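Letter by letter, the chains look like this.
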Amino acid sequence: MRRPPTRTRIVGLAVAVLTTVAAAPHHALRLEAAAAGVLRGRVDIKRAQVVVEPRPSVSSVGTTGPQRATESRPAVVYLESAPRGAFEREETRAVMNQQDQTFVPHVLAITAGTTVEFPNSDPYFHNVFSLSRTQPFDLGRYAAGRSRSVRFDHPGVVQVFCDIHSHMSAYILVFAHRYFAVTDAQGRYRIGNVPPGTYTLVAWHEGSVRDTRQVRVADTGEPVETDFTVR
Amino acid sequence: MTIGQSGSAVLFWLGLASLAACAEPALAQDWLTTPATLVGGRIVLAGDASVTFGSGDEGFFNYTNYESSTLRRIRAGLAARVVAGSRLSLLAELRAETGSHVEPYAWYARVQPWPDRSFVVQAGRIPPVFGAYGRRAYPQDNPLIGDPLAYQYLTSIRYDAVPASADELLRMRGRGWLASYSVGNPTPAPGLPVVSALRWNTGIQARVGWRAVEASAAWTMGSLSHPLVKPEHGTGQVSGRMAITPVVGLAIGVSVARGPYLSKDVLDAGPSAGTGPSLRQQSLGTDLEFSRGRWLVRGEAIVNSWSVPALSAPRIEAPLAMTAAFIEGRYRLRPGFYLAGRLDRLAFEQISGSAGPVPWEAGVSRVELASGYSLTRHLIVKACYQYNQRDGGRIRRSHLAAAQWLFWF
């Protein structure tokens, strides 16, 4: 296992990889003839469940709303570079809800061109915003039952916050291709329809690339099992 | 000892850094994103540090009862909540700023007898229930740099000295920075703001909420303008606030407070013209907050009076009344960048001196315009311009500017 570099370098690397993936012709593969394969496995996240407490505010005369939220913090596994022909844009929609002062899901992986809805399901205001270079936005304050949306056109990592509730945070990973998967509750992932070839498989968790592996999808399309451990 | 000169300040900063470094490993990986915790989430930490540098304030418009200007100060705070169960938590904040010791700004126990109901009791050095600004977390929740006049401007009222006559009081118009009177402590010293935003009272409070209505009440040892940590009077201040949220994004509150503000020494020194229990600060306030989209608008109005003993002619027959009001707004132009402004006014009622009726203190107006930019989510820079105008005193107008660097976690 490769030792992870510093966080800053890793985040920079991740962004660079995600944004340059479309220009990786040397990974051109035989899309037409061979059977597509499956990459699957498990990411063992040592602390997948995180208890998030609101920041202490001595100014409050008592509080309302949820005090403690347990967030599931999955990993994202993706191909560092994807096959040629895999970059067609899709007009899709995704949802990141705001419920009990928590973004649900905590991690959202989408392809570039996707519009993400941010409905407010709490009985008070939220103010979703991001200062990420990939896609800065500020949706302002809006009430329960309302929703606002953002279209993400550029690949990269977008960290999302609420301006009112400082303990709320989430990640949106925007990919230029479709070869990625968010781990499920057991940490398992599955990336299907991968053309034969050799790839770098990346495991990302909470703002950092945690591990990378070289994998080969055979012409026969047999599933490739790769496990990661994230601490 | 003051910050910048004292070993305690250095220890405070070292302590803050150490606590941040000791935060739970899983959260420490991204401790700026999620609140830092210790002991499996039972201790939650938050902190801030700010450096403000601005024009010299020769008119003392921005000086606080810490004897320093809000436009020239270094400030750091570290807050912690210890979760002792579903019903009990302990909260405290250590704060250090220019002109003060490192001191416990707040420390209290919060009891929620029925965790699923909106009923909370807090006891210790507690936040004020009166108004709204006093409960704002200063660095992040103040889009400007200066404080509202009602919460900062030093009037000529003192807690440890009183004027013997109306003429003596009128001689101190516009000199709240360094007022002196013949009864009580004769040493010139800063006067009192209407509400002290920098010091909190010790006492007990309860809050109950039901749907769109919430009510809170408190008994504390000192008054709004002169909070106390230790008991000094036989009685204390009673205060309360009722607020309604008719629609999400609009909150309207009404507050009252009544309590002693004069020290026991001055009450003992005062001749028979005044009695302790009748010499009180009384306040009635209303506050409003409206937000929608990129807008946030807040305002408060306070009608306040201080009773002083009527000693010598020309006597101060009635309580010294005044009105304070401010309205402020913030508009977020683009992600991380906002503009803000505040209009502020203190107006004082007239009393009769030898020369006729005159407002007992010089009225003050302020316009402050500011902008803020988030370099990162946790690092904000602000800049402000401030125009102050006073109806009396040596310096009656001032144009001030300041910049602030603010870090919070």
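This structure is a prediction, so every number in the text was calculated from the model and none was measured. (Residues numbered from 1 in each chain as written. Chains lettered and ligands numbered in written order. Predicted model: local features only at pLDDT ≥ 70, side-chain atom pairs only at ≥ 80, totals over all residues. Heavy atoms only, no water.)

### Some words on the sheet that holds strand β4 (residues 76-79) of chain A
Two modes of strand pairing occur in sheets, parallel and antiparallel, and in both the strands are linked by backbone hydrogen bonds. Residues and elements named next belong to chain A. Strand order in this open sheet of four strands is β15-β4-β17-β18, and the pairing throughout is antiparallel. This sheet does not close on itself; its edge strands, each paired only once, are β15 (180-182) and β18 (208-217). Taken over all neighbouring pairs, the strand axes of this sheet differ in orientation by 15 degrees on average, direction set aside. With nine bridges connecting them, strand β17 (residues 197-205) and β18 associate as antiparallel partners. (Pairing = 2+ DSSP bridges. Helix = DSSP H or I, 4+ residues; strand = E, 2+ residues; numbered from the N terminus. Axes fitted to C-alpha atoms, helices over the stretch in contact; angles between N-to-C directions.)

### Some remarks on the interface of chain B and chain A
On the chain A side, the residues contacting the 55 residues of chain B number 44 residues. Note on chain B versus chain A: buried area summed over both sides is about 3,700 Å², and carbon and sulfur give 55% of it. In this structure, the connection of chain B to chain A is made through three salt bridges. In this structure, arginine 332 of chain B engages aspartate 163 of chain A in a salt bridge whose closest nitrogen and oxygen atoms are separated by 2.9 Å. In this structure, the connection of chain B to chain A is made through eight residue pairs in polar contact (both at pLDDT 80 or more). Among the elements that make up the side of chain B that touches chain A, the one with the highest residue count is strand β3 (residues 73-83) of chain B (four residues). (Contact = heavy atoms within 4.5 Å. Buried area = accessible area lost by both parts, 1.4 Å probe. Salt bridge = Lys/Arg side-chain N within 4 Å of Asp/Glu carboxyl O. Polar contact = N/O pair within 3.5 Å; in protein donor to acceptor, adjacent residues only side chain to side chain.)

### Structural notes on the pairing of strand β16 (residues 337-348) of chain B
When a strand is regular, its side chains alternate between the sheet's two faces. Residue and element names in this part refer to chain B. Looking at chain direction, strand β15 (residues 320-334) and β16 are connected through twelve bridges and run antiparallel. Pairing of alanine 325 across the sheet is with arginine 345, part of β16. Counted between consecutive antiparallel strands, the loop separating β15 from β16 contains two residues, among which glycine 336 sits at a positive phi close to 85 degrees. One ladder, built from ten bridges, connects β16 with strand β19 (residues 364-376); its direction is antiparallel. Bridging across to β19, aspartate 344 finds its partner in arginine 366.

### Here's the deal with the side chain of serine 132 of chain A
All names here are of chain A. Tracing the backbone shows serine 132 in the loop between β10 (126-130) and β11 (137-142). Classification of serine 132 as buried rests on a relative accessible area of 12%. If sequence neighbours within four positions are ignored, serine 132 has contacts with Val157, Val158 and Gln159. (Buried < 20%, exposed > 50% of the residue type's maximum accessible area, 1.4 Å probe, protein only.)

### Here's the deal with the nonpolar core
Counting 43 residues, the largest nonpolar core has Tyr151, Ile302, Leu320, Met322, Leu346 and Trp360 of chain B as its most contacted members. Within the second largest apolar cluster, 21 residues are counted, among which are Ile110, Phe118, Met168 and Val174 of chain A. (Core = buried A, V, L, I, M, F, W, Y, C linked by side-chain atoms within 4.5 Å.)

### Re the confidence of the model for chain A
Low pLDDT marks stretches whose predicted atomic positions should not be read closely. This prediction gives chain A a mean pLDDT of 82; 77% of its residues lie at or above 70. Confidence, read as mean pLDDT per element, is least for helix α1 (residues 7-20) of chain A in chain A (43) and greatest for strand β9 (residues 114-119) of chain A (97). (pLDDT = per-residue confidence, 0-100.)

### Digging into the confidence of the model for chain B
Residue and element names in this part refer to chain B. Averaged over every residue, the pLDDT of chain B is 89; the share at 70 or more is 90%. Note that residues 1-6 has pLDDT below 50 and, in this model, 16 contacts with residues that lie over four places away or in other chains. Two numbers describe this predicted complex: its pTM, 0.87, and its ipTM, 0.85.

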